[in-house]
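# Structural overview
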Amino acid sequence: MSIKFDGIADFIKFLDERGELLRIDKEVSPVIGISVITDAESKKPGGGKALLFENVVDNGKKTFPVATNLFGSEKRMAWALGGESIAEIERKIEDLTRLRPPKGLQEIFLTIKKILPLGRIMPAKFRGKTAPCQEVVKLGDAVDLSEIPVLKCWPKDAGRFVTLPLVFTKSEDSRERNLGMYRLQIFDKSTTGMHWHIHKDASHFFGEYSAKGKRMPVAVAIGADPATVYSATAPMPRGFDELLLAGFLRGKGVKLVKCKTVDLEVPANAEFVIEGYVDPGELRLEGPFGDHTGYYSQADMYPVFHVTALTRKSKPVYCATLVGPPPMEDCYMAKATERIFLPLLKAVAPEICDMFLPWEGVFHNIAVVSIKKEFPAHAQKLASLLWGQGQMSFCKSIVVVDSDVDPSDLRGVWDLFLQNFDPHSDILITDGVLDVLDHSAPHPLRGSKLCVDLTRRGFGEDERSATSPKELSESEAEHAKSILEKILGENSKFKFYKGFCAASIEKGSRKGTDILQAVDASGALNGKVRAFAIFDEGVDIENASKILWKIFNNTDPRRDIIISKSGGLCLIDACKKTSADGYTREWPEDLKFDTNA
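Below is a summary of the structure that appears in this document. All of these numbers come straight from a predicted model, not from anything done at the bench.

### Here's the deal with a nonpolar patch on the surface
- A contiguous nonpolar patch, built from L283, L285 and M301 and spanning about 280 Å² of accessible area, is present on the exposed surface.
- With respect to the helices and strands, the residue L283 is situated in strand β16 (residues 272-286).
- The partly exposed category is assigned to L283, whose relative accessible area is 45%.

What follows is the structure, encoded as structure tokens:
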């Protein structure tokens, strides 16, 4: 099946016809109100429905409709990219990566058949009289961003943020174009923040302009066709035009129109377009913002975007996404990225069989990879390779399993951890770059990384010495608790899973590793569990997904993981870090709608 959408309005209509759109006609505010409803819907099994708020009232005035959660399910994400399933799109890309020089006449024609459609994916010029995105044009002093129902997403956000923007920039020499998705904090009627991270292409371009003291043109489209929206999030290599990916996914090039006040082109069928510039050296405090990690990202200095034009359709729909504790809409977008870019990773590392990025790892904190193991230390070699590949370089933890293991079967992977893991030989800890949103590392943008090798031993590798922990009886669990309470505090709570013990504690001013070492020295868990982790008081340790999220987000491997000296026990501090832990940064708050919580 090939599905093509000229704009987001077509996609919304398509979802409505298939019962995937929930229209909400009750009055709702873009300040928190839409977010509360969107959060509840996205947390439903399978991601809930796409939402169209038709009665949005902002500052006492009815404004434009708002769409959220458009991509928040597996099937909606597949439809957005032009197929019935993500696997269908994955196979399409894999076919291209397998192209080889043809050996005969028949193969020549088959190769031409595969390559020829690529000629149709180039961006094209809009040929009509007036582009839909320029039906209404406001320039200069007439610009007023308050006309757009931009959301305030979480209670402690610094203001309203455009969360689904397609940010178009170009290199200083105009040879390269970039399409990225970088949030915009609304400062006033004609300025916003421009939150591009240091690792992103637009930030690289900004460095080029700044080095020459030149103003940098920027254009922001909101609500283009769904494949183009997705492509703005895709981890493409530097120098690759994301619009080519959008054209490939759509099966035809994106139609572009030149902006009114800057020398950039934008999708002609966008709902809104914001044009303007950023000046070198002009920075302003931006944030905090409730981010996809489930925490508030901290305020920091970012470029200021000055708006010179605001154009739109005559009857636009404002498109937004809400990010926060998983699962949410962005999880389904990330899942599409996992599958679409897997064939490209396989082209670089043919030993890779499959890969899984758990939602709890918020995309960049953990990957489970299966490989065809061929030689000693192959798992460690693969981890080092992945840490050198584009945005995979941000991945904090990599777990490697054999080719006959399904990486997405986390229960099966856990069983392997219980059976195969030897903490004295199967852990590699190194250092490298981290995502700017990683709050757990001792320093911004860099920290330690972890590789866990769960593959079967092969020739040239020593046998594992650790033994699998035995099942705990109820009396053994109670005895262990009684010992641990003396170390952790009598108000501590415990949950025993298969081979794992979780404890929520009042950590106070204690150093996390001191607590873990005391637990280890007590011998309470030796031979009984494979791993033990401590969590802050109030964390629901009965919720396995929640504790995984805390472990993946709150730990720096080198600082927060210790290995038992007396047995095969791995101990983890997943609590908030303080100065007692040597942590000098500001620890972010969890996202909650209850401002008094």
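Text resumes after the structure shown.
### Brief notes about the nonpolar core
- Core analysis: the largest hydrophobic core is formed by 58 residues, its most contacted members being F11, L70, F71, M77, L81 and Y230.
- Once residues lying within four places of it in the same chain are set aside, the contact partners of F11 are F5, L70, F71, R76, W79, A80 and P226.
- V150, F206, M216 and V220 belong to the second largest nonpolar core, which has 42 residues in total.

### Quick notes on the pattern of salt bridges
- Across all of its chains, the model carries 46 salt bridges by this definition.
- Among the charged side chains, a salt-bridge network with shared partners connects K507, R559, D560, D573, K577 and D581.

### Let's talk about the pairing of strand β1 (residues 21-24)
- Both β1 and strand β2 (residues 50-53) contribute to a ladder of four bridges, which runs parallel. Directly across from R23, in β2, lies its bridge partner L52.
- Each parallel crossover has a hand, and the one from β1 via helix α2 (residues 33-42) to β2 is right-handed.

### Observations concerning helix α8 (residues 242-250)
- Most of α8 is tucked away, with eight of its nine residues classed as buried.
- Here α8 has its buried residues at E242, L243, L245, A246, G247, F248, L249 and R250.
- Put simply, D241 is the residue that caps the front of α8, since its side-chain oxygen is 3.0 Å from the backbone nitrogen of L243.
- Note on α8: the residue one or two positions beyond its end, G251, has a positive phi of about 85°.

### Thoughts on the side chain of K449
- Relative to the assigned elements, K449 resides in strand β25 (residues 446-453).
- Although K449 is buried, it makes no salt bridge; D438 carries the closest opposite charge, 7.7 Å away.
- Within the structure, the side chain of K449 is placed 2.6 Å from the backbone oxygen of S393, a separation counted as a polar contact.
- Among the polar contacts listed, one links the side chain of K449 to the backbone oxygen of V433, at a separation of 2.8 Å.
- What K449 contacts, discounting residues up to four positions off in sequence, is W387, S393, F394, C395, K396, L428, I429, T430, G432, V433, L434 and P557.

### Quick notes on the sheet that holds β2
- Sheet architecture is open: four strands sit in the order β1-β2-β5-β20, paired in mixed fashion. Taken across any chain shown, the strands that pair with only one partner, and hence form the sheet edges, are β1 and β20 (318-319).
- With respect to the sheet, helix α1 (residues 8-17) is in contact with β1, β2, β5 (66-68) and β20, its orientation differing from that of β1 by roughly 100°.
- Here α2 sits on the sheet in contact with β1, β2 and β5, set at roughly 160° to β2.

### Quick notes on helix α11 (residues 410-420)
- All buried positions along α11 are accounted for by V413, L416, F417, L418 and N420.
- Those residues of α11 that are buried lie in contact with β22 (366-371), β23 (397-402) and β28 (531-536).

### Here's the deal with the sheet that holds strand β24 (residues 427-433)
- Strand order in this open sheet of five strands is β21-β22-β23-β25-β24, and the pairing throughout is mixed. Among the strands making up the open sheet, the edge pair consists of β21 (352-356) and β24. Strand-to-strand twist in this sheet, taken as the mean axis angle between neighbours without regard to direction, amounts to 25°.
- The sheet contact formed by β24 and β25 spans seven bridges and is antiparallel. Looking at β25, one finds that G432 is bridged to G447.

### Comments concerning the packing of aromatic side chains
- Per the counting criterion, the structure on display carries 17 aromatic pairs.
- Ring plane angle 80° and centroid distance 5.2 Å describe the contact between F14 and W79, whose orientation is recorded as edge-to-face. Of this pair, F14 sits in helix α1 while W79 is found in helix α3 (residues 74-80), placing the two residues 65 residues apart along the sequence.
- With centroids separated by 5.2 Å and ring planes inclined at 65°, the aromatic side chains of Y583 and W587 adopt a geometry described as edge-to-face.
- With relative accessibility at 11%, the residue W587 sits in the buried group.
- Put simply, the rings of F5, F11, F14, F71 and W79 pair up and form one aromatic cluster.

### As for the layout of surface pockets
- Empty space within the largest pocket amounts to approximately 1600 Å³.
- Around the largest pocket sit 50 residues that line it, and K200, T233, A234, P235 and Q391 are the ones nearest its centre.
- If you list the elements that add at least two residues to the lining of the largest pocket, you get β10 (177-180) and α9 (329-348).
- With ten residues, the top contributor of residues to the lining of the largest pocket is α9.
- For the lining of the largest pocket, the residue count by class is 26 nonpolar, 15 polar and nine charged.
- In this structure, the second largest pocket encloses a volume near 1100 Å³.
- Lining the second largest pocket are 37 residues, with L410, W414, L548, I551 and F552 positioned closest to its centre.

Criteria and thresholds
Residues numbered from 1 in each chain as written. Predicted model: local features only at pLDDT ≥ 70, side-chain atom pairs only at ≥ 80, totals over all residues. Heavy atoms only, no water. Patch = residues over 30% accessible without salt bridge, like charges linked within 9 Å, V, L, I, M, F, W, Y side chains within 5 Å. Areas by Shrake-Rupley, 256 points an atom, 1.4 Å probe, with all protein chains shown as cover. Salt bridge = Lys/Arg side-chain N within 4 Å of Asp/Glu carboxyl O. Helix = DSSP H or I, 4+ residues; strand = E, 2+ residues; numbered from the N terminus. Buried < 20%, exposed > 50% of the residue type's maximum accessible area, 1.4 Å probe, protein only. Core = buried A, V, L, I, M, F, W, Y, C linked by side-chain atoms within 4.5 Å. Contact = heavy atoms within 4.5 Å. Pairing = 2+ DSSP bridges. Right-handed = clockwise from strand over helix to strand, strands pointing away. Polar contact = N/O pair within 3.5 Å; in protein donor to acceptor, adjacent residues only side chain to side chain. Lys, Arg positive; Asp, Glu negative; His and termini not counted. Axes fitted to C-alpha atoms, helices over the stretch in contact; angles between N-to-C directions. Phe/Tyr/Trp six-rings, centres within 6.5 Å; stacked < 30°, edge-to-face > 60°. 1 Å grid on protein atoms, 1.4 Å probe; cavity = no way out; pocket = protein on both sides within 12 Å on 5 of 7 lines; lining within 4 Å. Points joined across faces, edges and corners; volume = space filled by probe spheres on them. Nonpolar A, V, L, I, M, F, W, Y, C, P; charged D, E, K, R; others polar.

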